[in-house]
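Examination of the molecular architecture
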Amino acid sequence: DQQVKQNSPSLSVQEGRISILNCDYTNSMFDYFLWYKKYPAEGPTFLISISSIKDKNEDGRFTVFLNKSAKHLSLHIVPSQPGDSAVYFCAASGGSGTYKYIFGTGTRLKVLA
Amino acid sequence: DVKVTQSSRYLVKRTGEKVFLECVQDMDHENMFWYRQDPGLGLRLIYFSYDVKMKEKGDIPEGYSVSREKKERFSLILESASTNQTSMYLCASSGTGGSPLHFGNGTRLTVT
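Quick look at the structure, then. (Residues numbered from 1 in each chain as written. Chains lettered and ligands numbered in written order. Predicted model: local features only at pLDDT ≥ 70, side-chain atom pairs only at ≥ 80, totals over all residues. Heavy atoms only, no water.)

The next subject is the overall build of chain A. When its secondary structure is counted, chain A shows zero helices and 11 strands. When the elements of chain A are put in sequence order from the N terminus, they spell out β-β-β-β-β-β-β-β-β-β-β. Computed over C-alpha atoms, the radius of gyration of chain A comes to 13 Å, within 12% of the 13 Å expected from 2.2 N^0.38 for 113 residues, which places it in the range of a compact globule. Overall, chain A is about 45 × 30 × 20 Å in size when its C-alpha atoms are taken along their principal axes. Within chain A, the proportion of its 113 residues that are buried is 45%. A fraction of 54% describes how many contacts in chain A between residues 6 or more apart in sequence connect residues 24 or more apart. In the form shown here, chain A has an accessible surface area of approximately 5400 Å², with 48% of it arising from carbon and sulfur atoms. Charge-centre separation for chain A: the mean point of 12 positive side chains lies 3 Å from the mean point of 9 negative side chains. (Helix = DSSP H or I, 4+ residues; strand = E, 2+ residues; numbered from the N terminus. Rg over C-alpha atoms; globule rule 2.2 N^0.38 Å. Buried < 20%, exposed > 50% of the residue type's maximum accessible area, 1.4 Å probe, protein only. Contact = heavy atoms within 4.5 Å. Areas by Shrake-Rupley, 256 points an atom, 1.4 Å probe, with all protein chains shown as cover. Lys, Arg positive; Asp, Glu negative; His and termini not counted. Charge placed at Lys NZ, Arg CZ, Asp CG, Glu CD.)

Next comes the structure, spelled out in structure tokens:
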């Protein structure tokens, strides 16, 4: 049972426009959410996180929004740059397995120059 | 900066071999993890450890074991490698609760 879902395997966006990556979760006990970026042949790198007591967290061009009632979070990248082209994973933790981070299947973002 | 180092970037092993994947972190983190990444399946947790000599099964532990004799080192062991264990293996570490995972660069394992 996939507790963290990224339903869009890929997304293409023009340079300078907004990229919106979506993530849904099913476990209401999750209380900490993260986004990671992964280039080929490298490990994922941490981008931004949000705890369940907030509904928005911003860091430069990256903003994460959390809608707890809908069990949905999204990552906004504004403006998108060609270097943002990568696979993005959302992850969640909390509840009975506090040390466990459950990852989604990833969304491949391509930013077109 | 946190550094998580995986001993090999690429490995090719034969079916039935015993395989060791080594991981070392330099930030005195309590928690260490092993994930595998497969296309369309994302990152799946194999095992994790929250203290020396402590380990817990993740979501897909079958066919794997782990060892954590020192705080900085976490080893993944494939007792008898099989072709369905061909994958990208990622080690990660984190501090106490609520801190992000820091990943190594991964080991691409091919079992033939």
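Ranked by internal contacts, the top residues of the largest apolar core, which has 24 residues, are Phe33(A), Trp35(A), Leu73(A), Leu75(A) and Tyr88(A). Those elements that place two or more of their residues in this core are β3 (19–25), β4 (32–38), β5 (45–51), β7 (62–67), β8 (72–77), β9 (86–94) and β11 (107–112) of chain A. Looking at this core element by element, the count peaks at four residues for β9(A). Sequence-distant contacts of Leu73(A), that is, excluding residues within four places in its chain, are made with Leu21(A), Asn22(A), Cys23(A), Tyr25(A), Phe33(A), Trp35(A), Val64(A), Phe65(A) and Leu66(A). Judged by nonpolar contacts, the second largest core, of 20 residues, contains Leu11(B), Tyr89(B), Cys91(B) and Leu109(B). (Core = buried A, V, L, I, M, F, W, Y, C linked by side-chain atoms within 4.5 Å.)

Another point: the interface of chain B and chain A. Each partner contributes residues to the interface: chain B has 22 residues there, and chain A has 17 residues. Taken together, both faces of the contact between chain B and chain A bury some 1700 Å²; the carbon and sulfur share is 62%. Linking chain B with chain A are zero salt bridges. The set of elements that each furnish at least two residues to the side of chain B that touches chain A consists of β4 (31–38) and β5 (42–49) of chain B. Taken together, the residues that form the side of chain B that touches chain A break down as 12 nonpolar, eight polar and two charged. (Buried area = accessible area lost by both parts, 1.4 Å probe. Salt bridge = Lys/Arg side-chain N within 4 Å of Asp/Glu carboxyl O. Nonpolar A, V, L, I, M, F, W, Y, C, P; charged D, E, K, R; others polar.)

Structural measurements only, silent on function.
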